[in-house]
Amino acid sequence: MALYTYGGTPSDVLTTTGGEALPDCPVTLRVAGGGGEIAGGVFETDGTTPIRVLLSNGPGSSAPGALRTFLVEDVPAIEYEYPDAAGRVVRRYRAAREAARPAAGREGAAAGQEAVPSLTGPVDLSGQRVFNPMLFGALGDGVADDTAAVQAALDAAYAAGGGIVFFPPGGTYNVFTFVVCRANTTVVAHGATIRSIHATTGCFRNFYGDDSFPAYAGHSHIRVYGGTWDGNAYRAADGSGVVTGTTNIMTFIHCSDILVKDAVFRDCSGAHGIEVNAVDGCRIVDCRFEGFVDNTPDQSRVTSEAVQIDIAKTGSSAIGAFDGTACRDIQITGCWFGPSARLGDWGRAVGTHAAVTGSYFDRITVRDCEIVGAYDTGILALYWRDSVISGNRISGTGAAGVLAATTSSAPQGCRCLTITDNIIDGSGSDAGIRIAGLANALWSDVVVRGNTVRAGTGYGVRTDYAYGTVIEGNRTTGTGGGGILAQRSDRVTVTGNSVAAAGSNGINIAGCSGALVANNLIDGTAANHGIMVGVASAPGGNATVSGNTVRAAASAGIRVTSPGCLVTGNQIRKDGGTTVTGVSTGATATGCVIAGNDLTGNDWTAATALLLAGATALDWSGSTVSPGHNLV
């Protein structure tokens, strides 16, 4: 026999749903999680004196409504059940002091319903109260307006210092306005639907309209597990849905420590499934984002994100302070983005579209998500610093699959972004992966590694004004604009990539100083060259092009127009293609060394194999005679 200790703590006070103490209140003890009544085995602290009826302290006590310490035999977690002042049944979960553990009970659930499911993450719910909106008057029938009851349950959890708001599964809870969840609240809604029924509002947020918080000081430590959060957007084609305004479904502003897991966000009108704005620490895990429509008359919201990572500024944040606080430590993992049964694709799956000079979005992670279609870009990383985009599957985007950018409205450089192991299929007018800096706002220390880009209309990988970018071990195939393009990106490293069936240059190094292009395989270009170094629009130069294999290029295997380049140790083959020359240079390619390349087996003359503009290329001995040490 094991005895477990309960009662005797400040949280063991019986109260009404409004927080008023209930003295001399009889308590029924039940096994936690929907178990039966504990009829025996309840003892005083001596472990031998039985307690027949457990009452809360009387009105004359120093702690009216409190429960004294008692022991229960062989039950490590219980529920207090008691009537409040209005006669409603209240249940409160308690774990034994000897075995406190993450767990959850339920309040007022009907027989046969599941208990609140096990929760993940470092969340200890021991001793928290459970609040059921149905005990506050919610019907959950998909017809009634349950706003007041849901808000009352959330308010009661907040008034209790934190608690669990449990939506019994199977119900649809209509809300006429945003319900507000405040600090230290856990919402469990597996199998339930919370649906907006007002033309201009969404479902859930952590603030009231007249709130104002600086930095991350707003309502924090909020968990949302499960639920279908239905934005109920209007669809003009068949008149379904009711929400026509531009509104988020769920919003968190000026706060920290947020978790949303296993939830569905469906049918958003014009804005975002989830907006996190000035949030320090948020995890969005294993969620689905289904269906979006832009109901604005001018279609000005077609690029809205399913998950928006935003900054506290006028026009971007619903409440103050508008202090330029950016999000940090945001993780989006294992999520799905795409159309719903009623509505189409999102504008973007994940992204940021607002900026404040001097502010950055730090440590953003988007990992192992699937993005099925996006009107614009799959993932937009605007001023994301020290961030990771990895392991995602992105298909059918209208523009880029992944775009990292700076803007002319806040021209500041950004650094440290890693884009790895993504599969991007069928990106549109932009590159599969693009880094887009500005002349006065460079990206730096970007790594693009191990990605697969297929069948896009632009380049597979493209960088603009991105200093020191590493483009390594990627595969592009069937990309209409070419394989890899680096423009004005000094010290770029392009190594170990495989480019197949490129629509234009396999690898294009344009206006970049000190580039390294090594050990890449280019297998077929529909136009232009296997490797192109030069133009866009000069100066650039001093590139090393070494150890590459080029097959079936449309024009030259390697074309150089920048000065001071070294082209050595490359193998170039016609290999069934129309390659006109092995290596060619322009008149501006002064001071270059073209030596030690393998151009054999192509039936070229020396002059065709090395088509050099004047005496612009030197072999190792310093001679201007071609082909020097190159093999033809």
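Residues numbered from 1 in each chain as written. Predicted model: local features only at pLDDT ≥ 70, side-chain atom pairs only at ≥ 80, totals over all residues. Heavy atoms only, no water.

Trainee: Hey, could you run me through the overall build of the chain in this one?
Mentor: Check the secondary structure of the chain and you find 2 helices and 57 strands. C-alpha extents for the chain along the principal axes are approximately 110 × 60 × 40 Å. Contacts in the chain between residues far apart in sequence, at least 24 positions, make up 68% of those at least 6 positions apart. For the chain, the exposed surface amounts to about 22,000 Å²; the carbon and sulfur share of it is 51%. Across the chain, the 41 positively charged side chains and the 54 negatively charged ones have centroids separated by 4 Å. (Helix = DSSP H or I, 4+ residues; strand = E, 2+ residues; numbered from the N terminus. Contact = heavy atoms within 4.5 Å. Areas by Shrake-Rupley, 256 points an atom, 1.4 Å probe, with all protein chains shown as cover. Lys, Arg positive; Asp, Glu negative; His and termini not counted. Charge placed at Lys NZ, Arg CZ, Asp CG, Glu CD.)

Trainee: Where do I start with the packing of aromatic side chains in this structure?
Mentor: Two aromatic rings are characterised by how far apart their centres lie and by the angle between their planes. With the rule as written, the count across this model stands at 9 aromatic pairs. Ring geometry for Phe204 versus Phe252: centroids 6.2 Å apart, planes at 65°, classification edge-to-face. With Phe204 in strand β15 (residues 204-205) and Phe252 in strand β18 (residues 250-261), this pair connects stretches of sequence that are 48 residues apart. Exposure class is identical for Phe204 and Phe252. Each is buried. (Phe/Tyr/Trp six-rings, centres within 6.5 Å; stacked < 30°, edge-to-face > 60°. Buried < 20%, exposed > 50% of the residue type's maximum accessible area, 1.4 Å probe, protein only.)

Trainee: Would you mind going over unusual backbone geometry with me for this structure?
Mentor: Most of the time, phi is negative for any residue but glycine, and the peptide bond is trans. In this chain, Gly320 is followed by Ala321 through a cis amide linkage whose omega measures 0°. Positive phi outside glycine occurs at Asn184, with the angle close to 65°. For Asn184, the location among the structural elements is in the loop between β12 (179-180) and β13 (185-188). Residues other than glycine seldom take positive phi values, yet Asp445 does so here, at roughly 55°. Along the chain, Asp445 turns up in strand β36 (residues 443-449). Assessed through its relative accessible area of 45%, Asp445 is described here as partly exposed.

Trainee: Honestly, helix α1 (residues 147-159) in this entry has me stumped. Any pointers?
Mentor: The α-helix advances 3.6 residues per turn, and as a result positions three or four apart in sequence lie on the same side. The terminal C-alpha atoms of α1, which comprises 13 residues, lie 18 Å apart, in line with the 18 Å expected from a rise of 1.5 Å per residue. Those residues of α1 not exposed but buried are Thr147, Ala149, Val150, Gln151, Ala153, Leu154, Ala156 and Ala157. Against β8 (129-131), β9 (141-145), β10 (163-166), β11 (172-175), β12 and β13 lie the buried residues of α1. Downstream of α1 by a residue or two, Gly161 has a phi angle that is positive, lying close to 85°. (Expected span 1.5 Å × (residues − 1).)

Trainee: Teacher, can you tell me more about the sheet that holds strand β5 (residues 70-73) here?
Mentor: Backbone-to-backbone hydrogen bonds join strands into a sheet, with any given pair of strands oriented parallel or antiparallel. An order of β1-β5-β3 is seen for the 3 strands of this open sheet, with the pairing classed as antiparallel. At either end of the open sheet lies a strand with only one pairing partner, and these are β1 (3-6) and β3 (42-43). The pairing of β1 with β5 spans 4 bridges and is antiparallel. Note on β5: the bridge partner recorded for Leu3 is Glu73. (Pairing = 2+ DSSP bridges.)

Trainee: When you look at the side chain of Asp230 in this model, what are you seeing that I'm missing?
Mentor: Structurally, Asp230 is set in strand β17 (residues 228-230). Buried charge without a partner: Asp230 forms no salt bridge, and the closest opposite charge is Arg195, 4.8 Å away. Engagement of the side chain of Asp230 in a polar contact is seen with the backbone nitrogen of Asn232, the distance being 2.8 Å. (Salt bridge = Lys/Arg side-chain N within 4 Å of Asp/Glu carboxyl O. Polar contact = N/O pair within 3.5 Å; in protein donor to acceptor, adjacent residues only side chain to side chain.)

Trainee: Is there a simple way to think about the pattern of salt bridges in this case?
Mentor: Close approach of charged atoms lets side chains of opposite charge pair. Tallied over the full model, the rule gives 22 salt bridges. The closest approach of N and O atoms between Glu290 and Arg266, which form a salt bridge, is 2.9 Å. Linking Glu290 in strand β21 (residues 288-293) with Arg266 in strand β19 (residues 264-269), this pair joins segments that are 24 residues apart in sequence. By relative accessible area, Glu290 is classed as buried at 10%. Its salt-bridge partner being Asp386, residue Arg415 comes within 2.8 Å of it at the nearest N-O pair. Taken as a pair, Arg415 in strand β33 (residues 414-420) and Asp386 in the loop between β29 (384-385) and β30 (387-390) lie far apart in primary sequence, 29 residues in all.

Trainee: Which parts of the structure should I look at to understand the pairing of strand β54 (residues 581-585)?
Mentor: On a regular strand, each side chain points to the face opposite its neighbour's, so the side chains alternate between the two faces of the sheet. Judged by how many residues are buried, β54 sits mostly within the fold: 5 of 5 residues are covered. Pairing of strand β51 (residues 556-560) with β54 involves 4 bridges; the strand directions are parallel. Each residue of the ladder has a partner; that of Ile558, found in β54, is Val583. Both β54 and strand β56 (residues 610-611) contribute to a ladder of 2 bridges, which runs parallel. Note that in β56 the partner of Ser584 across the bridge is Leu611.

Limitation: the analysis is restricted to geometry and does not speak to function.
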